[in-house]
Amino acid sequence: MWKLLEIISVTIGATVPTGFEHTAAEEVKEKIGVDARVSKDRGRIYFPITTDKLFQVHLLRSVDNLFVVVEEYDHYQFKDSKEETLAELQQLASKLPWTSALQVWKQNRALKKKKGHRRGGKAKPNGEASDSAVADAAEQEQEQPQAVAADEGLTKTESAPESGACEQDSEKAAPEAKPIKFRVTCNRAGDKHSFSSNEAARDFGGAVQEFFQWKADMTKFDIEVLLNIHNEEVVIGIALTEESLHRRNISHFGPTTLRSTLCYGMLRLCKPQPSDIILDPMCGTGAIPLEGAIEFNSSFYIAGDNNDMAVNRTVNNVCHIQKRRADKGSTPGLPIDTVQWDLCKLPMRTSSVDIIITDMPFGKRMGSRKKNWDLYPSCLREMARVCRPGSGKAVLLTQDKKCFSKAISRMGGLWRKLHTVWVNVGGLHAGVYLLKRTGAAIGQTPEDVREPRGTVNAQGDDLDNSEAS
């Protein structure tokens, strides 16, 4: 037996890879049809939805974590003293309009429970399916006109403490009802605050506990209340994801696996077209070509690496996605091949590739800055050889900006820099460079006559990032 859920309008917040906020906003407009607002605090966007579109939000490829906004203040006037500010935060908890946000949390929870049961998988300790299960579930529900939830036979009184949505005063709930477990997480940025994140979370959390009569639990919680403070901007929300959506594709992680959401932003930057041949010559665990093969599946992807462990991880990750698709009854095939090779001597025809997209060695966890001075010019020249003159593009991620800039200047006759997106990769300030292949032929420009000083041992995209699993 099913019952239709009440459709309400709310604001959804999403964390996204820093630097790709506008890319995420474009995706929201394209797929959900609403305008997203980029936050002053980098790495977040906000957009309105009605709750019948909640499943579509979980399908967005550019967002890491999702939350529903309870209330937001653009210019919150903090008191001068710590004691006054914390006392005001305590008072704020009972004044907030919790009802709509808690209804959304309940609908999101019901979707997780239903899909966790349908998939037949093991439940998480708090009884919910994983966020990847919700995303998989959402794919199966795209053609349904309205969101539905299983009718578990609960009365209004019994369901109230489960969500807090029907009544704000949870003391009216049935005494035998299981108490909700919660935690408050404070994310604070700015140097003009008189309080710490822990102090804000402690005092605001204590007031939330007193108001709802919930039970505090830092690990096995049902609800995570978010207190996001960026200078004078304050946003209170309720989390809709437990595990970041960026982990959706990878089952076999390398030491520095790229986030799938960052991969999506890089792919979207180069605008793949049907029938494009897209190459990742340092594929690591295959995060970039896997994201491309799933989201931009009219192109064909070639993933290569010189490290046999990286190649094996890529193959295993492809097999994992194919099995997951087969289990869901979808066509398991992916337009992707995996090869082991030397980056500086690619076994590919000249001018055979439309797009090259890869994560270059940072010289931090893998390789070294010294090796990059030889590697970068060598690989840029070889990439130029296999890339189509005049139309080919490259999207390259690196944190070694000085070395990359020097290498680009040496290859100036072969590559032209169009755009740079500055991103935060595991705390490192890195650049995503969009390059255009010029019409110059290999060997005919002064810059690319210089031969490499020997074969350089390059290791893969995800093996040179700083997003450790």
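Further up the page is the structure itself.
Small disclaimer: the values here were computed from a predicted structure and weren't measured.

**Brief notes about helix α7 (residues 197–212)**
Because each turn of an α-helix spans 3.6 residues, side chains separated by three or four positions in sequence point in the same direction.
Working step 1: Here α7 spans 22 Å end to end across 16 residues, near enough to the 22 Å set by a 1.5 Å rise per residue.
Working step 2: Looking at α7, one finds that the buried residues are E199, A200, A201, D203, F204, G205, A207, V208 and F212.

**Focus: the side chain of R248**
Working step 1: Topologically, R248 is positioned in the loop between β10 (233–239) and α8 (260–270).
Working step 2: According to the relative accessible area criterion, R248 is buried, its value standing at 12%.
Working step 3: Of the polar contacts made by the side chain of R248, one reaches the backbone oxygen of R61; its length is 2.6 Å.
Working step 4: Among all residues touching R248, those that are not within four sequence positions of it are L60, R61, S260, T261, Y264, E291 and R324.

**Focus on the side chain of E291**
Working step 1: Here E291 shows up in helix α9 (residues 287–295).
Working step 2: The class for E291 is buried, based on a relative accessible area of 0%.
Working step 3: For E291, the residues in contact, after removing those within four places along its chain, are R61, R248, N249, S260, C263, Y264, L267 and F296.

**Some thoughts on the sheet that holds strand β5 (residues 65–73)**
Working step 1: Spatially, the eight strands line up as an open sheet ordered β3-β4-β2-β5-β10-β9-β7-β8, and their pairing is mixed. The sheet is open, and its two borders are formed by β3 (37–38) and β8 (215–216), each paired with just one other strand.
Working step 2: Direction of pairing for strand β7 (residues 181–189) relative to β8: parallel, over a ladder of two bridges. If you follow F182 over to β8, its bridge partner there is A216.
Working step 3: On top of the sheet, helix α1 (residues 21–31) reaches β3 and β4 (44–50); it is set at about 10 degrees to β4, its chief contact.
Working step 4: Contacts from α7 reach β7, β8, β9 (223–230) and β10 within the one sheet, and its direction differs from that of β7 by about 145 degrees.

**Considerations on the nonpolar core**
The nonpolar side chains of a soluble globular protein tend to be buried, and buried together.
Working step 1: By size, the foremost hydrophobic cluster in this structure holds 51 residues, and its most contacted members are F47, W98, F204 and I236.
Working step 2: Of all the elements, α7 adds the most residues to this core, at six residues.
Working step 3: I236 has contacts with V68, V69, V70, E71, Y73, L92, L96, W98, F204, V225, L226 and L227, leaving out every residue within four places of it along the chain.
Working step 4: The next biggest cluster of nonpolar side chains, apart from the first, holds 32 residues, and it includes C263, I278, V395 and V432.

Cut-offs used in this document
- Residues numbered from 1 in each chain as written.
- Predicted model: local features only at pLDDT ≥ 70, side-chain atom pairs only at ≥ 80, totals over all residues.
- Heavy atoms only, no water.
- Helix = DSSP H or I, 4+ residues; strand = E, 2+ residues; numbered from the N terminus.
- Expected span 1.5 Å × (residues − 1).
- Buried < 20%, exposed > 50% of the residue type's maximum accessible area, 1.4 Å probe, protein only.
- Polar contact = N/O pair within 3.5 Å; in protein donor to acceptor, adjacent residues only side chain to side chain.
- Contact = heavy atoms within 4.5 Å.
- Pairing = 2+ DSSP bridges.
- Axes fitted to C-alpha atoms, helices over the stretch in contact; angles between N-to-C directions.
- Core = buried A, V, L, I, M, F, W, Y, C linked by side-chain atoms within 4.5 Å.

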